[in-house]
Amino acid sequence: MGDHDLQIDRFKTSGANVFWKKKKRLSVDQDYPFSLENSVLLTGAGISIPNPANLPNWSSFSSSLVNALCQNAEEVLGSEFTSAVSDALQDVTPELVMSVARLTHRDLQALMQPFLGGSPNALHEGIANAASEQKLKVLITTNYDNYLERAFSDAKISFDCLRTERDFASWLSGSNDDRYVIAKLHGCASAPESLRMNKANLQGGLSAVKTEFLRRVLVSKHLFVLGYSGADLMKGHDHLSLQYLKNDIQNVTWNIHGGKNAEIPAPLERLVELFEPGKVRPVYGELADSFAKQASKTLRKLYAGKAANSQDSIGIAVQKWSENELSPIRAAQIVGSLLLTLGQVELAERSQKITLSNVSSNHPGRNPIAELLGLAQILEKAQKFEEMGTVLDQVDQLPKEGVEPADSIWIKALRISNLRHTGRLLDALTLLEKTIPPAERQADAATNIRLRHAKAQTLLAMKHIDKAIEELDIAITLASESGQFEYIPGLLADKALSFKAIGQMERAREELLKCKSTAEKWNDREQYAYSLVRLNLLEYQSLEMRGDATKEDLEKLIAPCEEALQAIVPFAHTIVFAEAHRNMALILDSIGEKARSEHHGLIAWENAKTPDLKWNIAYLLSELIYSDDWPNQKKFLELAIEHGLDVQDPSVFLAYFRLAEGLEKSNQTGEALQSYRRALVELRKSDQYSWAPIIRKSVRRLKGNYLVVEQLTEIAKEVGFSLDSIDTDED
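The numbers attached to residues start from 1 for each chain and follow its sequence in the written order. With the structure being a predicted model, the display of local features is reserved for residues of pLDDT at least 70 and the display and counting of side-chain atom pairs for 80 or more, all residues being used for whole-chain, interface and lining totals. Heavy atoms throughout the structure, all of them, feed into the side-chain values; hydrogens and water do not.

Helix-helix packing is characterised by the crossing angle of the two axes and by the distance between the axes. Lines are fitted to the C-alpha atoms to define the axes, a helix being fitted only along its stretch in contact, and any angle between axes, read from their N-to-C directions, falls within 0 to 180 degrees. Working definition: helices are DSSP H or I runs of at least four residues, strands are E runs of at least two. Numbering for both runs from the N terminus. Remark: helix α22 (residues 445-461) packs on helix α23 (residues 465-482), axes separated minimally by 8 Å, with the N-to-C direction vectors making an angle of 165°. Between α22 and α23, the interaxial angle falls into the category roughly antiparallel. Crossing of α22 against α23: the hand is left-handed. Between α22, through A445, N448, I449, R452, H453, K455, A456, L459 and L460, and α23, the contact on the second element is made entirely by I465, K467, A468, E471, L472, I474, A475, L478, A479 and S482. Charged means Asp, Glu, Lys or Arg here, nonpolar means Ala, Val, Leu, Ile, Met, Phe, Trp, Tyr, Cys or Pro, and polar covers whatever is left, Gly included. Looking at the contact of α22 with α23, its residues break down into twelve nonpolar, three polar and four charged. Angle categories: roughly parallel below 35 degrees, roughly antiparallel above 145, roughly perpendicular from 65 to 115, and oblique for all the rest. The crossing is said to be left-handed when, going from far helix to near helix, the turn is anticlockwise and less than a right angle, and right-handed when the turn is clockwise. Between two residues, a contact is recorded if the distance between any of their heavy atoms is within 4.5 Å.

This part covers the confidence of the model for the protein. Considering every residue of the protein, the mean pLDDT works out to 76; 77% of them sit at 70 or more. Within the model, the stretch residues 1-34 combines pLDDT values under 50 with 95 contacts to residues more than four positions away or in other chains. Residue-level confidence of the predictor is what pLDDT reports, using numbers from 0 through 100.

All right, on to the packing of aromatic side chains then. By convention, a stacked pair of Phe, Tyr or Trp rings (six-membered ring in the case of Trp) has centres within 6.5 Å and planes under 30 degrees apart, an edge-to-face pair has planes over 60 apart, and any other such pair is tilted. Under the defined criterion, the tally for this structure stands at eight aromatic pairs. Note on W605 and F636: the rings are 5.7 Å apart at their centroids and 90° apart in plane angle, and the pair reads as edge-to-face. Highlighted residues: W605 in helix α30 (residues 594-607) and F636 in helix α32 (residues 630-646), separated in sequence by 31 residues. Residue F636 is classed as buried on the basis of its relative accessible area, which comes to 3%. Counting every residue linked through ring pairs, the aromatic cluster contains F168, W171 and F213. Our definition puts a charge over a ring when NZ of Lys or CZ of Arg is within 6 Å of the ring centre and also within 35 degrees of the ring normal. Just above the ring of Y180 sits the side chain of K137; from NZ or CZ to the centre is 4.4 Å. Accessible area is worked out with a 1.4 Å probe on protein chains only. A residue is then buried under 20% of its type maximum, exposed over 50%, and partly exposed in between.

On to helix α2 (residues 79-88). When we look at burial in α2, the residues that qualify are F81, T82, V85, S86 and A88. Relative to the axis of α2, the buried residues are bounded by an arc of 150° and lie together on one face. For α2, exposure combined with an orientation more than 90 degrees from the buried face picks out E80 and D87. Directions are taken from the helix axis to each C-beta atom, and the arc is the one they span.

All right, on to the pattern of salt bridges then. One speaks of a salt bridge when a side-chain nitrogen belonging to Lys or Arg is within 4 Å of a carboxyl oxygen belonging to Asp or Glu. Counted under the stated rule, the structure contains 22 salt bridges. D393 is the partner of R415 in a salt bridge, and the nearest nitrogen-oxygen pair spans 2.9 Å. Of the two residues, R415 sits in helix α20 (residues 405-421) while D393 sits in helix α19 (residues 385-396), which places them 22 residues apart along the sequence. With relative accessibility at 40%, the residue D393 sits in the partly exposed group. E593 is paired through a salt bridge with R596; the nearest N and O atoms lie 2.8 Å apart. The partly exposed category is assigned to E593, whose relative accessible area is 29%.

Within the secondary structure, S351 sits in helix α17 (residues 345-362). Given the relative accessible area of 0%, S351 is considered buried. In contact with S351, other than residues within four places in its own chain, are L77, F81, A332, V335, G336 and L339.

On to the packing of helix α26 (residues 525-546) against helix α29 (residues 575-590), then. Look at α26 against α29: their axes get within 10 Å of each other, and the N-to-C directions meet at 30°. On the basis of their axis angle, the class for α26 and α29 is roughly parallel. Where α26 crosses over α29, the two elements pack in a sense that is left-handed. Side by side, α26 and α29 meet where Y530, V533, R534, N536, L537 and Y540 of the first sit next to V576, E579, A580, R582, N583, L586, I587 and S590 of the second. Each residue belonging to the contact of α26 with α29 can be placed in one class, and the counts come to eight nonpolar, three polar and three charged.

Laid out in structure tokens, this is it:
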């Protein structure tokens, strides 16, 4: 691994280096000292595995939830399908299941009860005593159990326990320097509402408030990692926001389970790539035992013989919940939602359609509104907007008795999205104007932000740029005041698009740079990738507008474009994936790499789902395809015209002109003249007379064919476009 080569060091636990002697320094080797007084301890599920706690590790609990869901959903989805999707669901976290499933308080209590049984082990108590003696003020844990809290209480240590988003926000706003803190990043079994996740969590990160907490407590500190596998790092998640915090943390010591022959786990190799060489130090040894020895004899006797078979009880709790509280239809719905959250859009769509079919066939008296709305949401993500509209039409025909106000707003939000993406912008805006006031009274801040954002996007598409910026500013303020920081990167991205639409490129760049930094800060990997893609396009367009860009200038854009392509891979179902490949095609074409450019252009076309992007990429491909391949050029010009007319793009006349020129070269004079006619009609409608040189070029080229020139002149007169000023003898 080059500069990041790892070597495992052994902790010394005897003589002058006994771990927890008061005021002694802890050392791995004599040349690697650090003091616990400048450390923060991070613990994972590994510390709660030894008796008498005897809890399962993170992966075991996650697997038990997924297996229970799939077994229950098999009745609806069929064994073949559930077997196929179970592998795709192995990446999910327990919190993701509990959030996507929208579990009730009762459900969560049933699942979490085993985490509140049993007793702390000697390791928990040793950590509490060591914290007290060594002034280890902050302990961070990813565990759901309350063993650390109980150990602290038994040791008579006063502490704050942060479980919910509100707890973390309250701590940040107060003065807490003299209090011990146990921070539960993934929530706690004793506060079931803390186990639900927000937008950032669903992407594999922390909320804005928790990320800021970590930044505050880890600045210039040594991070000591114990009992944490780091498995989520291998699944593309960053539950500790390490990407953002890597420059704040002084260094990291990670204890590896096992003896001197222990292998360096893959997550550590992933972690070390984030940090500067030498900042991450893997160690092995009797660290856990050293903590455990700090437990008082009295407490060790108190806990002796209290071993609970918690691992079995958790498995039983999961199975009971699945069998007693979860119907097969509901389990199938959760499977579909999880697949959608993981970006498995095609599997999610298939799952939801199977579920809907099952409901229709086997439960004719059931109102399928929930299943239809789930399908509409998936089709929105898949960008199948026509089919989404059909599904919403079915929803409109169903009775709405018992539908909660928030769900009514959700139905309207889906309809607004559908109207906007199918070009019915005025209808979308009208419905938004009717929906936002009741939403402000009945819905939460997140719903209001999303609606304001949708309104801004609609206004932007309608070219009402000033009003769009005004709505985005309102949404940004609302997100800041309500602590919904995870929405800010997306709002900033559209604000950048707004400034770009009115030619304010420098303002657009500023907003995109803000988007990039806030997305990185709040661990929003999707918006971070978006910002890279759009910054890349902005740089290219700025060079093009400058007019004097050299080949070297353009080649410098390839590396950041490749970085953007790499970042966007997990979001291949999104519009920006197509945009990223479109950008690369443009850059490669500008430096003469025709074949590579066409390759990326075709990938962009295959992934373009919206009419405006289809118009844009089809026209680009018509330019990229070699001139001797007229059939393919013609195909993409016709596609460009089709989609350009759909979105009423004022530049569609360009495609008509190029189609006319190609048809004429192919001796299809009649069709060429029809295309010229449409080109002139669209040009006159667009009021873009600065493009008149294109006509001049066509007429000059045609001047030897007097019949065509005469007919073209007549066509121009018919559509009210004068060619009299065009000098056909001009060079």
